[in-house]
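Per-entry structural report
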Amino acid sequence: MLKIKDLHANVEGKEILRGINLEVKAGEVHAIMGPNGSGKSTLASVIAGNDNFEVTQGSVELEGEDLEDVSPEERAHKGVFLSFQYPVEIPGVSVTNFMKTAINESRKAKGLEDMPAKDMLKLIREKSELLEIDRKFLSRSLNEGFSGGEKKRNEIFQMAMLEPKVAILDETDSGLDIDALRIVASGVNKLKSKDNAVILITHYQRLLEYIVPDFVHVLHNGKIVKSGGKELALELEEKGYDWLKQETAV
Amino acid sequence: MAFENNVDVEHPVHDVRMAAIKNFEEKGFPSKKEEAWKYTSLNNIQKIDFSIFPKQENSLEYKDVKRYFIHEIDTYKIVFVDGIYSSYLSETTHDGVDICLMSAALTKPMYKQVIDVYFNKIASKDESLTTLNTAFSREGAYIYIPKNKMPKKPIEILHFSTGNEASLLLQPRNLIVVEENAEVQIIERHQSLTSNEVLTNAVTEIFAAKSAIVDLYKIQNDVATASLIDNTYVDQKDKSLVKIHTFSFGGKLTRNNLNFYQNGEYIDSTMKGVTILGEKQHVDHHTLVHHIQPNCESHQDYKGIYGDSSTGVFNGKIIVDKIAQKTNAFQKNNNILISDKASINSKPQLEIFADDVKCSHGCTIGQLDKDALFYLQSRGIPEKEARALLMYAFANNVLSSVRIPELKARINKLIAKKLGVNLGFDL
């Protein structure tokens, strides 16, 4: 579904990604772990098409299509979703209106009519129940005054509404208490299917107890230095990242 | 100017007018050499040969101008066409409050007492454009709200120009007196209906007595051949609350001179503005808050978005007199430039003579936040719409204090139109 080949990317002239290779098939959950500054969030941004980063080499393909020169909004229409580590506040635009705009823009791009108001309301109700989101919450301005946990839960609510093919969750677990983590994880698990894929970007193993990955990759200095099954996450939790740095140095 | 031929020398305010014309003749139009007019030039406007007294009366059909009214709600209406009162389009009242015409107030004996106390009392007697208005103005809105009263509905003051003169100078004069514990909401708009040149030099005097509440909304969305110089003077007494919102979305040249004088204690003066300009439009916001007594507050929050070759000015002057201790004066001016050719000059001017005060001012000029733009695009919202949403969000906190929901909805629509987007929902 998503194929990343020898991906190099710069920000402000500095190389952050130095040759990433990764294939994610439909139905799979991949976890990308690594110390701070290893390039995890950059990788997420580049997949989603953030042009603050310059791709200097390699490619990202979605279902066989090279995403080079594809705008972030077009990537979203094709089924890429990024849950942000720091979602942006949009005063004056309610969660509901924001989702209406996002869904109808995506439908417009596919040549479809706007979703009928009745269907939209039904969809919003279903998905907000899935994430145990209160109705009142939906009429609040997007992310404005939301707690860290509310912001993350709202990101996953947006994911549920947009039903992406590939969802990248960038540090969705940070800032979540254990109850919020359970709700978010259970939401992601319910949205998972044989037709979509999830990439979890995380520093800690905690989230992986709730969303069990098929593969774990360790990112270090802009490269994947080790891949394995879910047991690799446990190993990292036990030994920390220093152990890995030494091993790769050798 | 054949001044004496066109005015009534027996008029009750004739002496006031003569003093005013004398001042204007001495000073003339302000030039860019004056500090207050450094960034706004009236040179091109002065070259135009304006008619100052329109020759004939023009009538308009309501259906043709309905869209300029907040027609979703019932309002009192004081409407002028080419400077002349239109009784057909207006809805005035004398039922407990006076919402009517300046010409009537200036001439009828029943209003003499109010005119003697308030007319031309707070308006400047030496600022040249204000005195030009004082000399020539014949018409405008007269609003008198007695103690403890509130009109049943908001008041709309509309000035239309039809273009039956090649170029027209309008000089409306408004007097708004709100007595103790009374309240009023006013929406003001100047609208040209053709591409003939029009210049409006308006003066509004507002008197807010003890505990009075005044909300004034100025909608400035005129055509590219219409210019406006707005001179508003506000006199506030103890515990009064006066809020002026200025929405500047169009016109050729707009100059807003808002002057607040706090003649009492525990006063709140608020000025908020949203300016969204394109093409070669120019808007200059000049504000003054004079803190004369202790324990008062002033709040200013102006947001500007400048595109194409548009230019903006914000000059906020705050004076705190020596005895005005415990003053809280806040001023914010945030701007986004969305074109390389657009520009903004922002200048706070603080003159503080008291020592126990809280004053803050902040001015920013920037571009749209790239990370925020990416966030919206990553949800499938195209760049143009994403930019519009961010600009709307930027201006939003100015809108939150608009107390008439239908007006707020109208402003939102004007903003969406100005930003050139249809977001699929009413902002």
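So, how was this worked out
- Residues numbered from 1 in each chain as written.
- Chains lettered and ligands numbered in written order.
- Predicted model: local features only at pLDDT ≥ 70, side-chain atom pairs only at ≥ 80, totals over all residues.
- Heavy atoms only, no water.
- Helix = DSSP H or I, 4+ residues; strand = E, 2+ residues; numbered from the N terminus.
- Rg over C-alpha atoms; globule rule 2.2 N^0.38 Å.
- Buried < 20%, exposed > 50% of the residue type's maximum accessible area, 1.4 Å probe, protein only.
- Contact = heavy atoms within 4.5 Å.
- Areas by Shrake-Rupley, 256 points an atom, 1.4 Å probe, with all protein chains shown as cover.
- Core = buried A, V, L, I, M, F, W, Y, C linked by side-chain atoms within 4.5 Å.
- Domains from an automatic or database assignment.
- Expected span 1.5 Å × (residues − 1).
- Axes fitted to C-alpha atoms, helices over the stretch in contact; angles between N-to-C directions.
- Parallel < 35°, antiparallel > 145°, perpendicular 65-115°, else oblique.
- Buried area = accessible area lost by both parts, 1.4 Å probe.
- Salt bridge = Lys/Arg side-chain N within 4 Å of Asp/Glu carboxyl O.
- Polar contact = N/O pair within 3.5 Å; in protein donor to acceptor, adjacent residues only side chain to side chain.
- Disulfide = S-S within 2.5 Å.
- Nonpolar A, V, L, I, M, F, W, Y, C, P; charged D, E, K, R; others polar.

On to the overall build of chain A, then. Each helix and strand counted, chain A has 9 helices and 12 strands in total. At 18 Å, chain A has a C-alpha radius of gyration in line with the 18 Å of a compact globule built from 250 residues. Here the C-alpha coordinates of chain A stretch approximately 60 × 40 × 35 Å along the principal axes. Counting the 250 residues in chain A, one finds 56% classified as buried. For chain A, the proportion of contacts with a sequence separation of at least 24, taken over those separated by at least 6, is 70%. When the accessible area of chain A is evaluated, it comes to approximately 11500 Å², of which 46% is carbon and sulfur surface.

This part is about the environment of Cys 296 of chain B. Residues and elements named next belong to chain B. The residue Cys 296 is located in the loop between strand S15 (282-291) and strand S16 (297-306) in this model. A residue is classified by how much of its surface remains accessible, and Cys 296, at 0% relative accessible area, is buried. Not counting chain neighbours up to four residues away, the residues in contact with Cys 296 comprise Gln 262, Gly 264, Glu 265, Tyr 266, Ile 267, His 291, Lys 326, Thr 327 and Asn 328.

Our focus in this paragraph is helix H7 (residues 128-136) of chain B. Burial analysis of H7 of chain B places 9 of its 9 residues in the buried class, which makes it a mostly covered element. Within the sequence span of H7 of chain B, burial applies to Ser 128, Leu 129, Thr 130, Thr 131, Leu 132, Asn 133, Thr 134, Ala 135 and Phe 136 of chain B.

Counting residues in hydrophobic clusters, the biggest one holds 114 residues, and the most contacted among them are Leu 2, Ile 4, Phe 157, Ile 168 and Leu 200 of chain A together with Phe 247 and Leu 407 of chain B. A domain split of this core shows at least three residues from each of domain 1 (3-263) and domain 2 (372-427) of chain B. Among residues more than four places away in sequence, those in contact with Ile 168 of chain A are Ala 44, Ile 47, Val 80, Phe 81, Leu 82, Ser 83, Ile 199 and Ile 201 of chain A. Ile 99, Ala 182, Val 289 and Tyr 302 of chain B belong to the second largest nonpolar core, which has 31 residues in total.

Before going further, it helps to examine helix H10 (residues 405-418) of chain B. Residue and element names in this part refer to chain B. Look at H10: 20 Å from first C-alpha to last across 14 residues, which is about the 20 Å you get at 1.5 Å a residue. Turning to H10, its buried residues number three or more, namely Leu 407, Arg 410, Ile 411, Asn 412, Leu 414, Ile 415 and Ala 416. In this structure, the buried residues of H10 make contact with strand S8 (183-192), strand S10 (213-220), strand S12 (241-248), strand S14 (268-277) and helix H9 (383-399). Following H10 by one or two positions, Gly 420 has its phi on the positive side, about 70°.

Right, let's get into the packing of helix H6 (residues 148-162) of chain A against helix H7 (residues 178-191) of chain A. Each pair of packed helices can be summarised by the angle the axes make with each other and by the distance between the axes. Residues and elements named next belong to chain A. Look at H6 against H7: their axes get within 10 Å of each other, and the N-to-C directions meet at 10°. Judged by the angle between their axes, H6 and H7 are roughly parallel. In contact with Arg 153, Ile 156, Met 159 and Ala 160 of H6, H7 contributes Ile 183, Val 184, Val 188 and Leu 191.

Residue-level contacts link 30 residues of chain A with 23 residues of chain B. Together chain A and chain B conceal approximately 2200 Å² of surface at their shared face, both sides included; 65% is due to carbon and sulfur atoms. Of all residues in chain A, Glu 73, Phe 84 and Thr 101 of chain A bury the most surface against chain B, accounting for 22% of the area lost on that side. The residue Glu 155 of chain A makes a salt bridge to Arg 379 of chain B at a minimum N-O spacing of 2.6 Å. For the pair chain A and chain B, the interface holds 10 residue pairs in polar contact (both at pLDDT 80 or more). Those elements giving two or more residues to the side of chain A that touches chain B turn out to be helix H1 (40-48), helix H2 (72-78), strand S6 (80-83), strand S7 (90-94), helix H3 (95-109) and H6 of chain A.

Looking now at the state of the cysteines. All names here are of chain B. Overall, the coordinates contain 0 disulfides over all chains when judged by the stated rule. No disulfide involves Cys 296; its sulfur sits 12 Å from that of Cys 359, the nearest cysteine. Overall, the relative accessible area of 26% leaves Cys 359 in the partly exposed class.

Turning our attention to the domain arrangement of chain B. All names here are of chain B. We note that the domain assignment places domain 1 (3-263) and domain 2 (372-427) within chain B. For domain 1 and domain 2, the distance between their C-alpha centres works out to 31 Å. Counting from both sides, the interface comprises 21 residues of domain 1 and, opposite them, 13 residues of domain 2. By the criterion of area lost to domain 2, the three top residues of domain 1 are Tyr 217, Phe 247 and Phe 249, representing 37% of everything that side buries. Across the pair Arg 410 and Glu 72 runs a salt bridge whose closest N-O atoms are separated by 3.4 Å. Counting only elements with at least two residues in the side of domain 1 that touches domain 2, the list comes to S8, S10 and S12. Residue composition of the side of domain 1 that touches domain 2, grouped by class: 11 nonpolar, 5 polar and 5 charged.

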